[in-house]
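Listed below, chain by chain, are the residues.
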Amino acid sequence: MSQTTPPAPEPDLGVESPHWKLGSFEVRLPFVHYRIEWPDYAQGLFMCVVDLGAIPMMTEALGMPFEVALAVVMLNGLLYLTHHLLGDPVVPGWITPAIPLLVVYVQGFPEGPERVWALISFQLMLGLFSIVLGVTGLASKVVRVIPSALRSGIVLGAGIAAIFSVFKEGGRFHSFPITITVAVAVAFFLMYSKPFAALRLRSAGWRFIASLGILPAIVVAVIVAPLAGEAQWPELEWGFSKPDFGTLWSDYTVFGLGFPPAMMFLTAIPTVLAAYIVVFGDVLQANAVLKEADHVRTDEKVVYNPSRAHLLFGGRNAIMSMIGPDIAMCGPLWAAMHVVIVERYKQGQRAMKSVFGGAGSFRWGTNTGLLLLPIITFVKPILAVGLALTLIIQGFVSVRVGIMEAKNQKDLGIAGVTAGVLATQGAAWGFAAGIIMLIVVYGKDMFKDERDGTLRHFDEVAADEGYADPLADFTEMAHLNDVDAEGHPTPHYPEAQTATKKDGQPRRNTGWD
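Calculation rules
All chains use their own residue numbering, which begins from 1 and follows the written sequence. This being a predicted model, a pLDDT of at least 70 is required before a residue's local features are given, and a value of 80 or more before pairs of side-chain atoms are given or counted; all residues contribute to the totals for chains, interfaces and linings. Side-chain metrics rest on all non-hydrogen atoms present in the structure, leaving aside hydrogens and water. The helix and strand labels rest on DSSP assignments: H or I over at least four residues marks a helix, E over at least two residues marks a strand, and numbering proceeds from the N terminus. The buried label goes to any residue with under 20% of its type's maximum accessible area, the exposed label to any with over 50%, and the partly exposed label to all in between, with areas taken from a 1.4 Å probe on protein chains only. Contact criterion: two residues are considered in contact whenever any of their non-hydrogen atoms come within 4.5 Å of each other. We get accessible surface area from the Shrake-Rupley algorithm with a probe of 1.4 Å; when it comes to residues, only the shown protein chains can shield them. In this analysis, rings of Phe, Tyr and Trp, with Trp reduced to its six-membered ring, are considered paired at centre separations within 6.5 Å, and the interplanar angle assigns stacked below 30 degrees, edge-to-face beyond 60, and tilted for intermediate values. Ring-over charges, as used throughout, are those where CZ of Arg or NZ of Lys falls within 6 Å of the ring centre and within 35 degrees of the ring normal. A residue's pLDDT is the confidence the predictor assigns to it, expressed on a 0 to 100 scale. Paired strands, as defined in this entry, are two strands with at least two bridges between them according to DSSP. Counted as a polar contact is a pair of N or O atoms within 3.5 Å, where, for protein atoms, one must be capable of donating a hydrogen and the other of accepting one, and residues adjacent in sequence contribute only when both atoms are in side chains. Here an angle of 0 to 180 degrees is reported between the N-to-C directions of two axes, which are lines fitted to C-alpha atoms, with helices fitted over the stretch in contact. Each angle gets one of four labels, with under 35 degrees taken as roughly parallel, over 145 as roughly antiparallel, 65 to 115 as roughly perpendicular, and the rest as oblique. In this scheme the crossing of two helices becomes right-handed for a clockwise turn of the near helix relative to the far one and left-handed for an anticlockwise turn of less than a right angle. As a working rule, the residues Ala, Val, Leu, Ile, Met, Phe, Trp, Tyr, Cys and Pro are called nonpolar, Asp, Glu, Lys and Arg charged, and the rest polar, with Gly in that last group. What we call a nonpolar core is a set of buried Ala, Val, Leu, Ile, Met, Phe, Trp, Tyr and Cys residues that are connected through their side-chain atoms within 4.5 Å. One side-chain nitrogen of Lys or Arg within 4 Å of one carboxyl oxygen of Asp or Glu is enough to make a salt bridge. Grouping into patches uses exposed residues only, defined as over 30% relative accessible area, and leaves out salt-bridged ones; the cut-off is 9 Å for like charges and 5 Å for nonpolar side chains (Val, Leu, Ile, Met, Phe, Trp, Tyr).

Chemist: Just to check I follow, could you spell out the overall build of the chain for this structure?
Modeler: Helix and strand counts for the chain stand at 24 helices and five strands. Residues counted as buried form 56% of the 513 residues belonging to the chain. A sequence separation of at least 24 residues applies to 79% of the contacts in the chain between residues at least 6 apart. Per element, the accessible surface of the chain, about 21,700 Å² overall, is 65% carbon and sulfur.

Have a look at this one:
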């Protein structure tokens, strides 16, 4: 393993952050290669509420006790860290849209060892399949050759499905209508509101609030839920959580139950392929969201490698299948928090020096939160609200990113049909519908990208056309938050703090204007 010195910068792309090269991986350690981003760490402390959401799914599907399910969540949490530590610039998470498919599959087996074996065989098959795609390099090739209309439809469909899961009959919104509404309003105001963007540019106080990501929305939810009569006030407990690793080892792993029968690996194949279609959509989305930041953060070159990502989440699934089979699975992306981290990253170096620092700090925070009873008991009443909030953010961004993956109006139509089928009938049917539409509409030209000018990225729009830059607020924010090589504010920063009085005279902006 050798220290890698970043190469000379490519035009407008910056350089990769420092790391140690280790084969296909790039090792980045906290305090050595990246700084801890405390706002993201704080978000992670409280967003462990979403990780805890896997516990009721495991208790229901497997009959697993709470403390045993907590042990699975904590093991999965440790493996989340491997992504940023080994060069994958994302916030990893579950394979959320595939969870219902897996639940139906495992519940087709009798509760007890057979059902656990079904989960073990599925997760091991998914892990090995992903690893093979990563080792052979086929993962990167698959991502490149998938037609733009199908890419658009998969990402768009994932977004629609995420929103639908919140608002459908029996969905989380109907249990927490007021709390979810308020929390979503606060989160979107802080992340996307133009009036708040103007406030951020005026003073450091508002920039500090912006730097907290969706943490203010979670705190507001904890207060609003009991006031609205939708949850109880938190009953804080002190000490550390107590996961039951012993029972997990003896009753839910191959070391206690033995290896699953060979036939179970064969029966798992269709579900594995259906789950991988969802995974493929997450890989597309992870890359698309990172590319959005390139226009703003020209100081750091962020490289997303699909093959490396497959090795990491494939390895996590293979390991967890042996030491703690997880009904939520090990996915390449927690889309909503990946978006939150990248949105903060766009605010400039003072807000977040490196995207690896943001993603890593967040996951260090969730792991810490899972250990602390005060944190767990503080957020426990709004567990469903935290998950609903992340799904709505994921839906918002997936729709936006998915549409921009299309190249022309026909692509948009195909994407719409694909997304609709995917959101209502599942990933396998959505993928099949998209392929059929491509063959019918394009025939042998289905792999050619044909632009008709309907959709253009900002860099493709001439300055004299008069269109607004959608990233202008972030560009100005990044300019304000720029630093020199030693980490000090660049000379323009104090000047940017200066506002103008009504009489035209400059004044120093020092507080919460």
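Chemist: Is there a simple way to think about the packing of aromatic side chains in this case?
Modeler: Given two aromatic rings, their pairing is described by the distance between the two centres and the angle made by the two planes. The tally for this structure, following the rule as stated, stands at 13 aromatic pairs. With a centroid separation of 5.8 Å and an interplanar angle of 25°, the aromatic rings of Phe259 and Phe265 are classed as stacked. With 5.5 Å between their ring centres and 70° between their planes, Trp334 and Phe362 make a pair best called edge-to-face. With Trp334 in the loop between helix 16 (306–323) and helix 17 (335–345) and Phe362 in helix 18 (residues 355–371), the pair connects residues that are 28 residues apart, well separated along the chain. The residues Trp334 and Phe362 share a single accessibility class, namely buried. An aromatic cluster of at least three residues, connected via ring pairs, comprises Phe188, Tyr192 and Phe396. Taking NZ or CZ as reference, Arg28 lies 3.8 Å from the ring centre of Phe356, over its face.

Chemist: How do you make sense of the side chain of Ser321 when you look at a structure like this?
Modeler: In this fold, Ser321 is placed in helix 16. Ignoring anything within four residues of it in the chain, the contact list for Ser321 reads Ile120, Gln123 and Leu124.

Chemist: Just to check I follow, could you spell out the confidence of the model for the chain for this structure?
Modeler: In regions of low pLDDT, the predicted coordinates are not meant to be interpreted in detail. Summarising the model, the chain shows a mean pLDDT of 82, and 85% of its residues fall at 70 or more. Contacts from residues 7–11, a stretch scored under 50 in pLDDT, to residues over four places away or in other chains number five contacts. Confidence drops under pLDDT 50 across residues 492–513; counting only partners more than four residues distant or on other chains, this segment forms 41 contacts.

Chemist: What is the right way to look at the pairing of strand 2 (residues 19–22) in this model?
Modeler: Successive residues of a regular strand alternate their side chains across the two faces of the sheet. Two strands pair when backbone bridges link them, and strand 2 and strand 3 (residues 25–27) are joined in this way by three bridges, in the antiparallel orientation. Directly across from Lys21, in strand 3, lies its bridge partner Glu26.

Chemist: So what exactly am I meant to see when it comes to helix 9 (residues 194–202) here?
Modeler: Each full turn of the α-helix corresponds to 3.6 residues, which orients residues three or four apart in the same direction. Of the residues making up helix 9, those classed as buried are Phe196, Ala197, Leu199, Arg200 and Leu201. Backbone nitrogen of Phe196 and a side-chain oxygen of the N-cap are separated by 3.3 Å at the start of helix 9; the cap is Ser193.

Chemist: Explain the packing of helix 5 (residues 113–136) against helix 15 (residues 269–294) here, please?
Modeler: Packed helices, taken two at a time, are described by their axes: the angle between them and the distance between them. Following both chains from N to C, one finds helix 5 and helix 15 inclined at 55°, their axes separated by 9 Å at the closest point. Relative to helix 15, the element helix 5 lies oblique. Here helix 5 runs over helix 15; the crossing is right-handed. Of the residues in helix 15, those in contact with Phe122, Met125, Leu126, Phe129, Ser130 and Leu133 of helix 5 are Ile269, Thr271, Val272, Leu273, Ala275 and Tyr276. Within the contact of helix 5 with helix 15, the residues separate by chemical class into ten nonpolar, two polar and no charged.

Chemist: Would you mind going over the environment of Leu81 with me for this structure?
Modeler: You can see Leu81 is positioned in helix 3 (residues 66–85). Sequence separation of Leu81 and Pro92 is eleven residues, and the distance between their C-alpha atoms is 8.5 Å. Once you skip the residues sitting within four places of it in the chain, Leu81 turns out to touch Arg363, Trp364 and Asn367.

Chemist: Could you clarify how one ought to interpret the nonpolar core in this entry?
Modeler: Here is a general trend for soluble globular proteins: nonpolar side chains tend to be buried in one another's company. The biggest cluster of nonpolar side chains holds 128 residues, and the ones touching the most others in it are Phe122, Ile214 and Ile393. For this core, the element with the highest residue contribution is helix 15, accounting for 13 residues. Ignoring sequence-local partners within four residues, the contact set of Ile214 consists of Gln43, Met47, Ala187, Met191, Met337, Val340, Leu389 and Ile393. One finds Phe196, Leu199, Ile209 and Ala210 within the second-largest nonpolar core, a separate group that totals five residues.

Chemist: Is there a simple way to explain the pattern of salt bridges in this structure?
Modeler: Pairing between side chains becomes possible if they bear opposite charge and their charged atoms approach one another. On inspection of all chains with the given rule, the structure shows twelve salt bridges. Between Lys444 and Asp445 there is a salt bridge; the shortest N-O distance is 3.8 Å. Look at Lys444 and you get exposed, because its relative accessible area is 77%. Relative accessible area serves as the criterion here: at 23%, Asp445 is assigned to the partly exposed category. Salt bridges linked by common partners bring Lys21, Glu26, Arg28 and Arg308 together as one network.

Chemist: Looking at this model, I keep getting lost on the environment of Gly358. Mind explaining?
Modeler: Looking at where Gly358 falls in the secondary structure, it is placed in helix 18. Sequence separation between Gly358 and Arg344 is 14 residues; the distance between their C-alpha atoms is 8.4 Å. Every residue in contact with Gly358, bar those within four places of it in the chain, is listed here: Glu37, Asp40, Ile341 and Met352.

Chemist: I'm lost on a nonpolar patch on the surface in this one. Help?
Modeler: On the surface, Phe129, Met263, Leu266, Ile269 and Leu273 cluster together to form a nonpolar patch covering roughly 460 Å² of accessible area. Elements supplying a minimum of two residues to the nonpolar patch: helix 14 (262–267) and helix 15. Along the chain, Ile269 turns up in helix 15.

Chemist: Which parts of the structure should I look at to understand the packing of helix 1 (residues 38–51) against helix 20 (residues 383–405)?
Modeler: At a minimum axis separation of 7 Å, helix 1 and helix 20 run at an interaxial angle of 95°. Taken as axis vectors, helix 1 and helix 20 run roughly perpendicular relative to one another. Between helix 1 and helix 20, the residues in contact are Met47, Val49 and Val50 and Leu383, Gly386, Leu387 and Thr390, respectively. A breakdown of the residues in the contact of helix 1 with helix 20 according to their chemical character gives five nonpolar, two polar and no charged.

Chemist: Could you clarify how one ought to interpret the environment of Gly420 in this entry?
Modeler: Considering the arrangement of structural elements, one finds Gly420 in helix 21 (residues 409–425). Separated by 259 residues in sequence, Gly420 and Ala161 place their C-alpha atoms 8.7 Å apart.

Chemist: In this structure, what is going on with unusual backbone geometry? I would like to understand it.
Modeler: Excluding glycine, residues mostly have negative phi values, and the peptide bonds linking residues are mostly trans. You will see that Phe31, though not glycine, has its phi angle at about 70°, which is positive. Position of Phe31 among the secondary structure elements: in the loop between strand 3 and helix 1. Backbone geometry at Met329 places phi at a positive 65°, although glycine is not the residue there. For Met329, the position within the fold is in the loop between helix 16 and helix 17.

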